[in-house]
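Architecture at a glance
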Amino acid sequence: MNNMNRTFFSGLALAAVILLASCSNSVKQAPEVSTTSNPQTSPIAQNNSSAVTTNTEKIKFKQEGGAEDFALKPEADGAKLLDGKDKELARFNVDGGGKVKIKNPADQVLGYVVKREGYWKIENADQTKELYVLRRQNDGDYKLEDATDKEIYRIKARDYGFEVESPDKQSLYKVKVKNGKTSLINAADKPVFSTKSQVSAIAIASFGFDVLSKEQKAALAYAVNRSGGK
């Protein structure tokens with residue numbers, strides 16, 4: 001082999017070595033994909049903190065066996081809370097500013113849920129007293145406080161939905177979203193009810209606030225869902 005051929009093949013081999021080294025570096029420098037889940041960015045937290053706010057069909061909440069427990073039926077001026085046999089339990093009237101008036105079937109005012117930036121207030125019937133406040137936190141969690149700003153519940157964003165905790169971090173309820181169904185689970189890990197309607201998970205968490213009456217729970221859930229949990 002003459003000198004010209006040796007030079008050609010040497011150059012070809014050197015180019016191959018450089019190309020292989022470049023490919024190896026590209027593989028080594030490939031960015032790592034994090035598998036850590038952040039409650040604020042998880043699909044469950046995102047999709048269900050801003051779920052459909054204008055349901056036009058009756059939202060049915062069912063017991064574990066499939067029997068209807070209760071329902072929210074949309075009306076022109078708000079919604080009605082019905083029991084499993086479609087008997088009216090309460091009605092929620094909405095004004096232009098988003099305030100929800102809670103009334104019993106006899107049209108007597110029971111209280112109000114008032115939406116403000118980042119929180120919802122539950123007030124008494126004549127709006128002279130603030131009873132409870134649900135506040136959205138900067139990290140995507142929520143807190144329910146009483147009129148003295150005392151913490152009653154913590155609502156923590158989880159990969160599966162939300163967890164309702166006591167101030168000392170005792171788990172009370174979980175809201176789990178799976179396969180198109182949203183369920184409220186009690187501390188014994190037993191389903192309280194579930195729905196296949198598109199309702200925000202944080203709205204469902206309102207039913208885990210045992211300090212509230214059923215009318216207040218449903219009205220708060222209705223108000224939170226209308227605003228997409230924000």
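Residues numbered from 1 in each chain as written. Predicted model: local features only at pLDDT ≥ 70, side-chain atom pairs only at ≥ 80, totals over all residues. Heavy atoms only, no water.

Considering the layout of surface pockets
Heads up, the condition is: Computed over the protein atoms alone on a 1 Å grid, cavities are sets of points where a 1.4 Å probe fits but cannot get out and pockets are open sets with protein on both sides within 12 Å along at least five of seven lines; a residue lines them when it has an atom within 4 Å of a point. Grid points are joined across faces, edges and corners, and a volume is the space filled by probe spheres set on the points. Under the DSSP-based scheme used, a helix requires at least four consecutive residues in state H or I and a strand at least two consecutive residues in state E, with every element numbered from the N terminus. Under this grouping Gly is polar, as are all residues other than the nonpolar Ala, Val, Leu, Ile, Met, Phe, Trp, Tyr, Cys and Pro and the charged Asp, Glu, Lys and Arg.
The space that makes up the second largest pocket amounts to roughly 220 Å³. As for the second largest pocket, its lining consists of 13 residues, and the residues nearest its centre are Glu64, Lys181, Ser183, Pro191 and Ser194. Elements that contribute at least two residues to the lining of the second largest pocket include exactly strand E12 (171-178), strand E13 (181-186) and strand E14 (191-195). Broken down by element, the residue count for the lining of the second largest pocket peaks at three residues, all from E13. A class-by-class count of the residues in the lining of the second largest pocket yields two nonpolar, five polar and six charged.

Let's talk about a positive patch on the surface
This is how the line gets drawn: Exposure above 30% relative accessible area and the absence of a salt bridge qualify a residue for a patch, where like charges join within 9 Å and nonpolar side chains (Val, Leu, Ile, Met, Phe, Trp, Tyr) within 5 Å. To be clear on the numbers: accessible area is Shrake-Rupley with a 1.4 Å probe, and residue cover counts the displayed protein chains and nothing else. Just to be clear on terms, a salt bridge is a Lys or Arg side-chain nitrogen sitting within 4 Å of an Asp or Glu carboxyl oxygen. Just so you know, the count uses Lys and Arg for positive and Asp and Glu for negative, and it drops His and the chain ends. Where a charge sits is defined by one atom per residue type, namely NZ (Lys), CZ (Arg), CG (Asp) or CD (Glu).
A grouping of Lys60, Lys62, Lys181 and Lys196 is seen on the molecular surface, where their side chains present a positively charged patch. You can see lysine 196 is positioned in the loop between E14 and helix H3 (201-205).

Let's talk about the pairing of E13
Let me state the cut-off plainly: A pair of strands is considered paired only if DSSP assigns at least 2 bridges between the two.
Two elements, E12 and E13, share six bridges in a ladder whose sense is antiparallel. In the strand pairing of E13, lysine 174 is matched with isoleucine 185. With antiparallel pairing between neighbouring strands as the criterion, E12 and E13 make up a hairpin whose turn holds two residues, including asparagine 179 at a positive phi of roughly 50 degrees. Sheet analysis places E13 next to E14, joined by four bridges and oriented antiparallel. By the bridge assignment, isoleucine 185 is partnered in E14 with proline 191.

As for the pairing of strand E1 (residues 59-62)
Put simply, the test is: Here's how the labels work: a residue is buried when its accessible area is under 20% of the maximum for its type, exposed when over 50%, partly exposed in between, all with a 1.4 Å probe on protein chains only.
With burial as the criterion, only one face of E1 is covered, namely that bearing Ile59 and Phe61; the residues Lys60 and Lys62 on the opposite face remain uncovered. Pairing of E1 with strand E2 (residues 68-75), which is carried by four bridges, proceeds in the antiparallel orientation. Looking across to E2, one finds that lysine 60 is bridged to alanine 71. Counting the residues that bridge the hairpin from E1 to E2 gives five residues, and of these glycine 66 lies at a positive phi of roughly 105 degrees.

Describing the nonpolar core
Filter applied, for reference: Buried Ala, Val, Leu, Ile, Met, Phe, Trp, Tyr and Cys residues form a nonpolar core when they are joined through side-chain atoms within 4.5 Å. What makes two residues a contact is simply this: any of their non-hydrogen atoms within 4.5 Å.
Within the largest apolar cluster, 45 residues are counted, with the highest numbers of intra-cluster contacts made by Phe92, Val113, Leu134, Ile155, Phe209 and Leu220. Ranked by residue count, the leading element in this core is helix H4 (residues 214-226), at seven residues. Phenylalanine 92 has contacts with Leu72, Asp77, Gly78, Ala79, Leu81, Val100, Lys101, Ile102, Glu215, Ala218, Ala219 and Tyr222, leaving out every residue within four places of it along the chain.

Remarks on the side chain of glutamine 216
Here glutamine 216 shows up in helix H4. Ignoring anything within four residues of it in the chain, the contact list for glutamine 216 reads Ile102, Ile122 and Leu131.

Comments concerning the confidence of the model for the protein chain
The predicted coordinates of low-pLDDT regions are not to be read in fine detail. What counts here: Confidence of the predictor at the level of single residues is captured by pLDDT, which takes values from 0 to 100.
Averaged over every residue, the pLDDT of the protein chain is 84; the share at 70 or more is 76%. Low pLDDT (under 50) marks residues 1-53, which in the prediction has 43 contacts with non-local residues, meaning those over four places away or in another chain.

Brief notes about the side chain of serine 183
Structurally, the position occupied by serine 183 is in strand E13. Once you skip the residues sitting within four places of it in the chain, serine 183 turns out to touch Lys174, Val175, Lys176, Phe193 and Ser194.

Here's the deal with the pattern of salt bridges
By the definition in use, this model includes 15 salt bridges. Here aspartate 107 ties to arginine 91 by a salt bridge, and the two come within 3.3 Å at their closest N and O atoms. Placement of aspartate 107 in the loop between strand E5 (100-103) and strand E6 (109-116) and of arginine 91 in strand E4 (residues 88-94) is noted, with a sequence separation of 16 residues between them. With a relative accessible area of 40%, aspartate 107 lands in the partly exposed category. Two residues, lysine 121 and glutamate 123, come together in a salt bridge whose shortest N-O distance is 3.1 Å. Just as lysine 121 is buried, glutamate 123 falls in that class too. One salt-bridge network, held together by shared partners, links Lys80, Glu88, Arg91, Lys103 and Asp107.

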